[in-house]
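# A closer look at the structure
The chain contents come next:
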Amino acid sequence: MRHIPAVVVVGTDGSDRGMSAVAWAADEAALRDHTLHVIHTVPWLYGTPIDPETGVVPEDVIARGRDVLEAAVSAARERCPGLPVEGELKAGSPARVLLERARTASLVVVGAHGTGLAARLAIGSTALQVATHAPVPAVVVREAEHVPWHEVTVGMDRGETEGPAIRFAFEEAAMRKARLHAIHVWSHPGSAGPGDMEPLVYDPAVVGDEQGRALDESLAAWRAEFPDVEVCGEAVHGRPARILAGASARSDLLVVGSRGRGGFPGLLLGSVGHAVLHSAHCPVAVVRPVSRQEES
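Residues numbered from 1 in each chain as written. Predicted model: local features only at pLDDT ≥ 70, side-chain atom pairs only at ≥ 80, totals over all residues. Heavy atoms only, no water.

## Things to note about the packing of helix α1 (residues 16-32) against helix α2 (residues 59-79)
Packing of α1 against α2 leaves a shortest axis separation of 9 Å and a crossing angle of 40 degrees. For the element pair α1 / α2, the angle class is oblique. α1 and α2 meet at a crossing whose hand is right-handed. Along its contact with α1, which presents M19, V22, A23, A26 and D27, the element α2 presents A71, A72, A75, A76 and R79. Classifying every residue of the contact of α1 with α2 gives eight nonpolar, no polar and two charged. (Axes fitted to C-alpha atoms, helices over the stretch in contact; angles between N-to-C directions. Helix = DSSP H or I, 4+ residues; strand = E, 2+ residues; numbered from the N terminus. Parallel < 35°, antiparallel > 145°, perpendicular 65-115°, else oblique. Left-handed = near helix turned anticlockwise from the far one by under 90°. Contact = heavy atoms within 4.5 Å. Nonpolar A, V, L, I, M, F, W, Y, C, P; charged D, E, K, R; others polar.)

## So, the side chain of T12
Structurally, T12 is set in the loop between β1 (7-11) and α1. Owing to a relative accessible area of 6%, T12 belongs among the buried residues under this scheme. (Buried < 20%, exposed > 50% of the residue type's maximum accessible area, 1.4 Å probe, protein only.)

## Considerations on helix α5 (residues 164-176)
Because an α-helix packs 3.6 residues into every turn, residues spaced three or four apart end up facing the same way. Between its first and last C-alpha, α5 extends 18 Å over 13 residues, near the 18 Å set by a 1.5 Å rise per residue. What α5 keeps buried is the set A165, I166, F168, A169, F170, E172 and A173. Just beyond α5, the residue with positive phi is K177, at close to 55 degrees. (Expected span 1.5 Å × (residues − 1).)

## Side note on the packing of aromatic side chains
One pair of aromatic rings is described through two measures. These are the centre distance and the angle between the planes. For the structure shown, the criterion picks out three aromatic pairs. Measuring from ring centre to ring centre gives 5.6 Å for F170 and W222, while their planes differ by 20 degrees; the resulting arrangement is stacked. Taken together, the residues span a long stretch of sequence, with F170 in helix α5 and W222 in helix α6 (residues 204-225) at a distance of 52 residues. An identical accessibility class is assigned to F170 and W222; each is buried. Taken together, the ring pairs connect F170, W222 and F226 into an aromatic cluster. (Phe/Tyr/Trp six-rings, centres within 6.5 Å; stacked < 30°, edge-to-face > 60°.)

## Quick word on unusual backbone geometry
The backbone of H150 sits at a positive phi, close to 55 degrees, despite the residue not being glycine. Here H150 lies in the loop between β5 (138-141) and β6 (151-155). Backbone geometry at K177 places phi at a positive 55 degrees, although glycine is not the residue there. Within the element layout of this structure, K177 appears in the loop between α5 and β7 (179-186). A relative accessible area of 75% means that K177 is categorised as exposed.

## Details of the side chain of E151
In this structure, E151 sits in strand β6. In terms of polar contacts, E151 uses its side chain to reach the side chain of H181, at 3.4 Å. Excluding anything up to four places from it in sequence, E151 contacts A178, R179, H181, R250, S251, D252 and L253. (Polar contact = N/O pair within 3.5 Å; in protein donor to acceptor, adjacent residues only side chain to side chain.)

Okay, structure coming up:
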């Protein structure tokens, strides 16, 4: 059984989105009764300013970094009094530092984007790299405050009965005393077995009923394990990214798996996960499969 450290790691750059990530991470750490570890990085190499002769970050840059870090730590402590909060200032690539620290954490949190050119993009490069490569669940946060819906939404593939993403979603719903909205989005009927042809003509109503029954069967064991969680299962015909993004407008958290549909191992972050990171209205948790080595 894999040991899960009682630490939530969050990265901040001092921007509004970065502070939103700190606020969300503080609430999450308090829910889990974990320590919050706040990280701010100062630039190096291609990010400059760094002294090209000594390779040392100038003191004024470090001083500004300390101010950003202290403000974030203070905000977390004020938001959740009594929460153990640690701060760390590092020189280097934000994504690299966060991914390194995530190895000894239960969760890593980052803002959707921050300052400069990244602020004009739907999602920043740091958030995308962390969501794609994090060894633990990664949450990308957008807004500072979110109207509570008391609902967690999880996207489920056809026939998916177990997996870290589903467990994470149930655990989050249980901690928050929220309803779990499990959505399976289908665009065509599946084959009956390996090597079977998918039908060219079908009745959407009939297929929709079949997909709904399959989803209920997949959720049965989870309902038994989490009897206090209200579960709403929904099989919807359409485009997965669009349906999940729409559902996120009524959710406190959207949970997706990290692999592409069909489980192709080469896809570290599937097209659906990538799309909802850009379009979701609430924080998005990307949960990757756990390897056998990590489980032992």
